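# An overview of the molecular structure
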Amino acid sequence: MKLKEEPKLDFSLDAKSGVPFYKQIILQVEMAIADGRLEKGAQLPTVRSLAVDLSINPNTVARAYAEMEIRNIVVTQQGSGTFISDKKISIDAIERERILSQISKEFLTKAASYGFSFEEILQTISDLGSEQQKKEDIS
């Protein structure tokens with residue numbers, strides 16, 4: 001019998017976006033809850049481990065966690081960790097599209113600044129998508 005794996009949320013921060021890191025962490029958690037990658041009871045990384053993974057100040061992660069607790073997105077159990085609450089979060093299609101558009105524009109601008117053609121970018125994304133799909137099919 002295969003044990004159900006906890007979904008791993010790969011946080012990614014963009015220093016050039018102008019959005020504070022703690023807000024980026026909150027948005028990524030909200031998106032993961034809204035699309036089902038994080039469910040009620042899922043445990044978030046500890047403040048210290050996430051700060052180390054992201055190479056940021058632990059106070060920044062603590063601020064994000066505190067804000068999410070105030071909004072009832074997570075619950076913290078002293079000594080056990082921080083867990084996703086049962087609060088329903090939905091992000092509408094327009095907001096999801098806006099976020100994806102912003103990420104895509106930044107990516108395309110950066111890739112173009114290195115001289116990559118649109119065709120090269122599309123081919124690489126297609127290849128990486130195929131690799132990712134194979135990994136998901138194996139899991």
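Look up a bit, the structure's there.
Report on the accompanying structure. (Residues numbered from 1 in each chain as written. Predicted model: local features only at pLDDT ≥ 70, side-chain atom pairs only at ≥ 80, totals over all residues. Heavy atoms only, no water.)

Right, let's get into the overall build of the chain. A tally of helices and strands in the chain yields 5 helices and 3 strands. N-terminal to C-terminal, the α/β element order of the chain is α-β-α-α-β-β-α-α. Along the first, second and third principal axes, the C-alpha set of the chain runs to 50 × 45 × 30 Å. Counting all 139 residues of the chain, 25% fall into the buried class. Here the analysis covers contacts within the chain between residues at least 6 apart in sequence; of these, 51% occur between residues at least 24 apart. Taken as a whole, the chain presents about 10,300 Å² of accessible surface, with 55% of it coming from carbon and sulfur. For the chain, the separation between the mean place of its 18 positive charges and that of its 21 negative charges on side chains is 5 Å. (Helix = DSSP H or I, 4+ residues; strand = E, 2+ residues; numbered from the N terminus. Buried < 20%, exposed > 50% of the residue type's maximum accessible area, 1.4 Å probe, protein only. Contact = heavy atoms within 4.5 Å. Areas by Shrake-Rupley, 256 points an atom, 1.4 Å probe, with all protein chains shown as cover. Lys, Arg positive; Asp, Glu negative; His and termini not counted. Charge placed at Lys NZ, Arg CZ, Asp CG, Glu CD.)

Among the nonpolar cores identified, the biggest contains 23 residues, and I25, V29, L38, L44, M68 and I84 are the most heavily contacted of them. Within the residue set of this core, elements represented by two or more residues are α1 (21–34), α2 (47–54) and α3 (58–70). Counting residues per element, this core draws most heavily on α1, at 6 residues. The residues touching I84, leaving out its near neighbours within four places in the chain, are V29, I33, L38, E39, K40, G41, A42, L44, I73 and V74. (Core = buried A, V, L, I, M, F, W, Y, C linked by side-chain atoms within 4.5 Å.)

Here we come to α2. Of all the positions in α2, only L50, A51 and L54 are classed as buried. All buried residues of α2 fall inside an arc of 100° around its axis, so they share one side. Opposite the buried face of α2, by more than 90 degrees, sit the exposed residues R48, V52 and D53. Contact partners of the buried residues in α2: α1 and α3. Once α2 finishes, S55 follows within two positions and takes phi at roughly 55°, a positive value. (Arc of directions from axis to C-beta.)

What follows deals with the pairing of strand β3 (residues 81–84). Covered by surrounding structure in β3 are G81 and F83 together with T82 and I84, the residues of both alternating faces. The pairing of strand β1 (residues 43–44) with β3 spans 2 bridges and is antiparallel. Looking at the pairing, L44 lines up with T82 of β3. With 4 bridges connecting them, strand β2 (residues 74–77) and β3 associate as antiparallel partners. The partner of V74 across the bridge, within β3, is I84. (Pairing = 2+ DSSP bridges.)

This paragraph deals with the sheet that holds β1. In space, the 3 strands of this open sheet follow the order β1-β3-β2, with antiparallel pairing throughout. For this open sheet the edge positions go to β1 and β2, each flanked by a neighbour on one side alone. Most of the contacts of α3 go to β2, to which it runs at about 110°, and overall it touches β1, β2 and β3. (Axes fitted to C-alpha atoms, helices over the stretch in contact; angles between N-to-C directions.)

Glancing now at the packing of aromatic side chains. Overall, the coordinates contain 0 aromatic pairs when judged by the stated rule. Directly above the ring of Y22 sits R63, whose terminal nitrogen or CZ lies 3.8 Å from the centroid. (Phe/Tyr/Trp six-rings, centres within 6.5 Å; stacked < 30°, edge-to-face > 60°. Lys NZ or Arg CZ within 6 Å of the ring centre and 35° of its normal.)

Residue S55 is not a glycine yet carries a positive backbone phi of 55°. Within the secondary structure, S55 is located in the loop between α2 and α3. Despite not being glycine, N72 has its phi angle at roughly 65°, a positive value. Looking at the element boundaries, N72 is found in the loop between α3 and β2.

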